[in-house]
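A closer look at the structure
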Amino acid sequence: MPDAEAEADQLEYRELFEAAPDGFLVVDPLGTIVRVNQQTERMFGYARSELLGSAIENLIPERFRAQHPQHVARYVHSPRTRPMGSGLELSGLRRDGTEFPIEISLSPISSARGPMVAAAIRDVSDRKRFEEEARRANAYLLSSVDSIQDAFSLYDEADRIVLVNSAFRQLLGPSMVGVIVGRRFEEVVGSAFDAGLIELRGEPAATVRERWLSYHRAPSGALELETRDGRALRIIDRTTAERGTVSLIIDVTEDRLRADELRSAREQAEAASNAKSEFLASMSHELRTPMNAVLGFAQLLQRDRKQPLSERQQERIAYVLRGGEHLLKLIDEVLDLSRIEAGGITISAEPVVVREVLDEVASTLEALAARTSVQLALAPLPAGLPTVKADRTRLAQILMNFGSNAIKYNRPQGHVTFRVTHEDAFVRLSVIDDGVGIPADKLPRIFEPFQRAGQEIGPIEGTGIGLAISKRLAELMSGRVGFTSQPDRGSTFWVEVPVDRTVSSTTGATTPKLGVEARSWAHGSTRKLIYVEDNPSNIAFMRDLMEELHAVELITAPTAEIGLALIRAHQPAVVIMDINLPGMSGFDAVKQLKSWPETRDIPVIALTAAALARDTSRAGDAGFHRYLTKPVKVDELTAVLEELLG
Ligand code: ADP
């Protein structure tokens, strides 16, 4: 080779040597550096002149130096090539005293000056840092997965376990022998069944197993399983972006227990509430019975034509009646409210003709309006007013509440107007008064129970429950209530009920006539009336009442059994029957009467202190002609008797 060419070659090798990304150096058997490249200078921070001729130990941290010459000697004695990454990870020491991780590969070379060792050195600080970061991230991941209380497992695309946490090992580990990672999901499920972990509840194991497997294949929602030892498991699987699956098995035993506890607590509360409702119902019954004597006899005294009361006595008896009626209203309203709140009220929504309800309400309110010189009026009904879907009795009750309030909280010569408007799906019935109005600060709580909006200190009697009941009743009928009011100007209370879509008939634009038809008592031949009742004061009351109605002969029976015999024997025009009787009940007695041809057509009036809605509907079913509650309203009873004895 000509010299020039050899020189060019050498130059090229040198450039390559210098430009290499790794540090290269050559040391002699004594560990003296004989050759370095630029990268070595850069890496260790020395100038080439400082490195050449110096001991290689200078580039090694102090603590490794002592053994190093022996390593070098041993290597020179039996040299072999050691590539990078073969485990020689060491530390380098820079000129400024800092250390950095390096990887070294060694190879023996022979030179003109004898055997040497060539070392390639790579600064692996960056790689180490990345590795450390990756390790830390992995550790975070593992420890967070492990800290999940539920059994976690991750499956790869081939449905093999990649990762599980301790909870998983605890739950399913004992049923699997050997290493868990790498197992197929099917194996996991298989061993769970083989180990008898899963409760089958009478199903074949294959069915339950297949349910689990197919849920895992296409997971949606959650799968519920139980273990043989009574734990409830909720399994939630989801497919990962890498087409693997994560699975979470949650022990929901505690949740179930808590839900059961909640349910039984609710049942207990409901039972307590029902007991309260029953208690109130029977209390109301107990209270109504003596009220019957009080109000019944007071009415008889008031009406006594043989020995008319003096004006003073009339005045006093009027107080007795008013007080008694107030007490009765209170009993009824508290009972009503508590029943609504206990969910014990059933609303029977039926097609209702608005005009009929208004007629009924107006005629009932007329007496009250007349007493306080308030004028009652009804605005003309809009044309084409549809029937509404409501509980007729309850709708009337709401309007009675609004109407009686409008009259009560009014002034002499005041006005109360019923107005009906109709908009799309709802009919609104408004009761408008020009009475005392309600103070602004009382408006927000007006529909709450026992709120009397300042009237508690006034002379007007009330319970503060009427509006609360009205609101709840309206809501039970899918309707609503509302109002506007201005002190000293008046108030408008309204109730909206849904239009009845099932019936197409509408009522014409008519103005109902207000007022009650005059009733005349028909005096005819003596008719028999049998009263089945065990309470002596009630019997005495009825006897007194019948004395007034000369044309009626009263026969009484203390039990239903005796009553039945008497009814068959006497064939009375009317029977009045108590419900709660010793022995056979009034319900059973009327059933008997309806089954006999000779008594089937005799009208039977129930007269009872029981006032639960349930009883009222039972009474109709049982075949009673009318159902009247105690305390007897003398006018009401005489009206019914007039109709029947006519
Ligand atoms: P109360 O038995 O006291 O009448 P309500 O629940 O029916 O009970 O009414 C609650 C309160 O609302 C009444 O005490 C009264 O202060 C007020 N109120 C209701 N309606 C009217 C009205 N039309 N005008 C003035 N105040 C009214």
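The structure reproduced in this document is the subject of the present report.

Conventions adopted
Residues numbered from 1 in each chain as written. Predicted model: local features only at pLDDT ≥ 70, side-chain atom pairs only at ≥ 80, totals over all residues. Heavy atoms only, no water. Pairing = 2+ DSSP bridges. Helix = DSSP H or I, 4+ residues; strand = E, 2+ residues; numbered from the N terminus. Axes fitted to C-alpha atoms, helices over the stretch in contact; angles between N-to-C directions. Contact = heavy atoms within 4.5 Å. Buried < 20%, exposed > 50% of the residue type's maximum accessible area, 1.4 Å probe, protein only. Arc of directions from axis to C-beta. Left-handed = near helix turned anticlockwise from the far one by under 90°. Nonpolar A, V, L, I, M, F, W, Y, C, P; charged D, E, K, R; others polar.

1. Quick look at the sheet that holds strand β18 (residues 490-498)
Judged by pairing direction, the sheet is mixed, and its five strands sit side by side in the order β12-β15-β16-β18-β17 without closing on themselves. Taken across any chain shown, the strands that pair with only one partner, and hence form the sheet edges, are β12 (375-378) and β17 (480-486). Strand-to-strand twist in this sheet, taken as the mean axis angle between neighbours without regard to direction, amounts to 15°. Examined bridge by bridge, strand β16 (residues 426-433) and β18 share eight bridges and lie antiparallel to one another. Its bridge partner being in β18, R428 is matched across the sheet by E496. Helix α13 (residues 392-408) contacts β12, β15 (415-423), β16, β17 and β18 of the sheet and is inclined by roughly 175° relative to β18.

2. Notes on helix α16 (residues 560-570)
Of the positions making up α16, those classed as buried are A560, G563, L564 and I567. Relative to the axis of α16, the buried residues are bounded by an arc of 100° and lie together on one face. Along its buried surface, α16 packs onto β20 (527-532), β21 (552-557), β22 (574-577) and α17 (586-595). Two residues or fewer after α16 comes Q571, characterised by a positive phi angle close to 50°.

3. Remarks on the packing of helix α12 (residues 354-371) against α13
With their axes 9 Å apart at the nearest point, α12 and α13 run at an angle of 35° to one another. Read as a crossing pair, α12 and α13 show a hand that is right-handed. In contact with E356, V357, L358, E360, V361, T364, L365, L368 and A369 of α12, α13 contributes R392, L395, A396, L399, M400, G403, S404 and I407. Looking at the contact of α12 with α13 residue by residue, the class counts come to 11 nonpolar, three polar and three charged.

4. Details of the sheet that holds strand β9 (residues 232-239)
What the five strands build is an open sheet, ordered β7-β6-β10-β9-β8; its pairing is antiparallel. Each edge of the sheet is formed by a strand with only one pairing partner; in this case those strands are β7 (161-164) and β8 (223-226). Ignoring which end each strand starts from, the neighbouring axes of this sheet average 20° apart. Examined bridge by bridge, strand β6 (residues 151-155) and strand β10 (residues 245-251) share five bridges and lie antiparallel to one another. Among the inter-strand pairings, Y155 is bridged to a residue of β10, identified as T245.

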